[in-house]
Amino acid sequence: MRTNKILVALLTLLVCPSLMLAGTVSGKVTYTGTPAHQKPIDMSKEPSCAKQHATPISTETVVTGANNALDNVVVYVSAGATDEGQVPAQAITYTQKGCQYIPHVLPMHVNQEFDIINDDQTSHNIHPLPKVNTEWNKSQPPGTPPIKEKYDKPEFIEVKCNIHPWMHGWFVVLKTSHYDLSKEGGDFKLPNLPPGKYTITAWHEKYGTQTADVTITGNETKDVNFTFKATAY
Amino acid sequence: MRFIGAILFTAIAGLIFVASFTATVSAQDEPLVGPKPPVVVKPMESHIGNITGHAADAKSDYRRYCAGCHGDYGDANGENAVWLDPKPRDFTIATFKCRSTLTGTLPTDEDLFNTIGRGITNSNMPIWNVFTKQQRANLVAYIKIFSPRWEHEKAGTPITIPPEPPVTIESISHGQALFAKLECWKCHGTHGEGDGPSASTLTDSKDNPIRPYNFALGGKDSRFKCGSTNEDIYKIFMTGVDGTPMPSFADVIQPNDAWDLVHFLRTLQVHRHSKENEVLTAAHGVIPPYVNKNPPPAADTNKAPGGGQ
């Protein structure tokens, strides 16, 4: 019995060393300078959406928090990841609510299925504008089932609704599932990284990309912080 | 002597400075100077009925008739392109407006063949009826050389269109209800005049301003961008006009309901001679409110009949 247990333990060690040793990269995304002023959105042409917002919401090109935190930054492993092609089975959702995309930025793995949901009382058309992947444009009236889609090539894709021109979002299609979206004070966390050398990239829709190299040797947490230079326009 | 020497020195130094400056400028401009690399004509084919088109055979026709707008490289950068609105198709991205196939898929060879023969109304794309069928087929093959998509992907499957039911005032009425429910009027306007609340903000996929179709504007034989028959209208809204704000409704309209929408859309072409306008005239020009005679059998049945859409 005892030898059996030892054997199982040894086998586990052999088969999945990554389970035994896994590091984490975590940190904060901040900005310096003055970020672009976000304008309030006039939704009066779509009363069913306007009434969902007690005060008018603003554009989300640059979303900031306290202490210069920068939200909606996709932080991901751009080199060194070993999970390419391991498509997560769990569904992710992109919701249209109050004539807004929730989340504003949706990171996903190549070929991962995602559901587009219309929670509004108005029709939307979902019109992503890829350059590398295939462009399509679909109508989604209220009460219709989710639209299931996926992308087969990595790309940063702008999403818009032609009916409601203020609606603007992003699909970020990556070759890895080691990603996080900075929010709640600019914090991000990339757990379960097996030992190895990695390039971590932080992408912001207006301020571009930044990279950092880290090496994970065991059960450890490496601090990586990104600071973007904000511009007023 | 010394003075002349100084002037000479300055002049030579100045010349060297100017020369080096010119050299830098021309170095930057280098890609624009001299002939561009020739277009590689890949051995693409098209199949329309029993005609097989060959890209190689369309080379001179493309240069003579198409490159002026679509560009030698198929990138919509022909020398006339800057003057055109809407812009010519960019064959390098292989996104096509007029398809019988679902949104996001490549059109069939026949779709492209028909577009060349039909031209695109309200644009600068003329009706190319000067070409033989063989020439058109060759050109369909030729435009495939510009995008690698044609090598990796097959054309989409044409959508299934059920036989058209008779035009009745009920059918037109249901179509009108769908036009309201699906919010076609947001862009096309309540009378189809292209003046809906979102109309002024529309842009195509390259961010150029674009107008929604004005149904009322055409005359006795008004056409759509992608054809003029009832089947063509059916295809337009079911497959979408890719590269423009017009989405696909294939997932949200049932095939028979789609015919009702077609019948209503015809009545928006107020000057056109059509069966639909005859039926409407016979009904004294009044479309009755839609009454749902077949409410869904599910939980909705306890609602009052005639609740409509």
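What you see is a predicted model, and the numbers here were worked out from it, not measured in a lab.

Parameters at a glance
- Residues numbered from 1 in each chain as written.
- Chains lettered and ligands numbered in written order.
- Predicted model: local features only at pLDDT ≥ 70, side-chain atom pairs only at ≥ 80, totals over all residues.
- Heavy atoms only, no water.
- Helix = DSSP H or I, 4+ residues; strand = E, 2+ residues; numbered from the N terminus.
- Buried < 20%, exposed > 50% of the residue type's maximum accessible area, 1.4 Å probe, protein only.
- Contact = heavy atoms within 4.5 Å.
- pLDDT = per-residue confidence, 0-100.
- 1 Å grid on protein atoms, 1.4 Å probe; cavity = no way out; pocket = protein on both sides within 12 Å on 5 of 7 lines; lining within 4 Å.
- Points joined across faces, edges and corners; volume = space filled by probe spheres on them.
- Nonpolar A, V, L, I, M, F, W, Y, C, P; charged D, E, K, R; others polar.
- Phe/Tyr/Trp six-rings, centres within 6.5 Å; stacked < 30°, edge-to-face > 60°.
- Lys NZ or Arg CZ within 6 Å of the ring centre and 35° of its normal.
- Pairing = 2+ DSSP bridges.
- Axes fitted to C-alpha atoms, helices over the stretch in contact; angles between N-to-C directions.
- Core = buried A, V, L, I, M, F, W, Y, C linked by side-chain atoms within 4.5 Å.
- Parallel < 35°, antiparallel > 145°, perpendicular 65-115°, else oblique.

### Thoughts on the overall build of chain B
Helices and strands together make up the secondary structure of chain B, namely ten helices and two strands. Listing the helices and strands of chain B from first to last along the sequence gives α-β-β-α-α-α-α-α-α-α-α-α. Here chain B holds 309 residues, and the buried ones make up 45% of them. Taking as baseline every contact in chain B between residues at least 6 positions apart, the subset at least 24 positions apart corresponds to 61%.

### Here we look at the confidence of the model for chain B
Residues and elements named next belong to chain B. Looking at chain B as a whole, its pLDDT mean stands at 88, while 84% of the residues score no less than 70. Between the elements of chain B, mean pLDDT differs from a low of 51, seen in helix 1 (residues 2–29), to a high of 98, seen in helix 4 (residues 133–142). Counted against residues more than four places away or in other chains, residues 17–27, with its pLDDT under 50, gives zero contacts. Every residue in residues 299–309 is under pLDDT 50, and counting partners more than four places away or in other chains gives nine contacts.

### Some details on empty space enclosed by the protein
All names here are of chain B. Across all of its chains, the model carries two cavities of 30 Å³ or more by this definition. Of the voids in this model, the largest cavity is the one considered here, and its volume is about 600 Å³. His188, Tyr213, Ile236, Val241 and Met246 are, among the 32 residues lining the largest cavity, the residues nearest its centre. Breaking the lining of the largest cavity down by element, the ones donating at least two residues are helix 7 (185–188), helix 8 (230–239) and helix 9 (255–268). The element contributing the most residues to the lining of the largest cavity is helix 8, with three residues. For the lining of the second largest cavity, the per-class residue count stands at four nonpolar, three polar and four charged.

### Considerations on the packing of aromatic side chains
A ring pair, where both rings are aromatic, is described by two values, the distance of the centres and the angle of the planes. Tallied over the full model, the rule gives 24 aromatic pairs over all chains. Ring centres of Tyr94 of chain A and Tyr101 of chain A lie 5.0 Å apart, and the angle between their planes is 20°; this geometry places the pair in the stacked category. The exposure class assigned to Tyr94 of chain A is buried, which follows from its relative accessible area of 0%. Joined through ring pairs, the aromatic side chains of Tyr62, Phe91, Phe96, Tyr142, Phe146 and Trp150 of chain B make up one cluster. Positioned above the aromatic ring of Trp136 of chain A, the side-chain terminus of Lys138 of chain A is 5.5 Å from the ring centre. Taking the ring centre of Phe113 of chain B as reference, the NZ or CZ of Arg136 of chain B above it sits at 4.0 Å.

### Considerations on the sheet that holds strand 5 (residues 105–109) of chain A
Residue and element names in this part refer to chain A. Pairing is mixed across the open sheet formed by five strands, whose spatial order is 5-11-10-7-8. Each having just a single partner strand, strand 5 and strand 8 (138–140) make up the two edges of the open sheet. In this sheet, adjacent strand axes meet at a mean angle of 25° when their direction is disregarded.

### So, the sheet that holds strand 2 (residues 74–79) of chain A
The strands that make up a sheet are held in pairs by hydrogen bonds between backbone atoms, and each pair lies either parallel or antiparallel. Residues and elements named next belong to chain A. Strand order in the open sheet formed by four strands is 12-2-14-15, with antiparallel pairing between adjacent strands. Strands at the two margins of the open sheet, each flanked by one partner only, are strand 12 (179–181) and strand 15 (208–216). The mean angle between the axes of side-by-side strands here comes to 25°, regardless of whether they run parallel or antiparallel. Taken together, the three bridges between strand 2 and strand 12 define a ladder with antiparallel strand orientation. Within the sheet, the bridge partner assigned to Tyr76 lies in strand 12 and is Tyr179.

### Some details on the nonpolar core
Core analysis: the biggest nonpolar cluster contains 33 residues, and Leu182, Phe237, Ile253, Leu261 and Leu265 of chain B have the highest contact counts within it. Those elements that place two or more of their residues in this core are helix 6 (169–181), helix 8, helix 9 and helix 10 (275–282) of chain B. If you tally residues by element for this core, the top one is helix 9 of chain B, at seven residues. Among residues more than four places away in sequence, those in contact with Leu182 of chain B are Ser123 and Pro141 of chain A together with Phe249, Val252, Ile253 and Leu261 of chain B. Within the second largest apolar cluster, 26 residues are counted, among which are Ile48, Leu106, Phe113 and Leu139 of chain B.

### Let's talk about the packing of helix 9 of chain B against helix 10 of chain B
Helix-helix packing: each pair is described by the crossing angle between the helix axes and the interaxial distance. All names here are of chain B. Closest axis-to-axis distance for the helix 9/helix 10 pair is 8 Å, and the angle between their directions is 80°. Relative to helix 10, the element helix 9 is oriented roughly perpendicular. Between helix 9 and helix 10, the contacting residues are His263, Arg266 and Thr267 on the first element and Glu276, Asn277 and Leu280 on the second. Of the residues assigned to the contact of helix 9 with helix 10, the class counts are one nonpolar, three polar and two charged.

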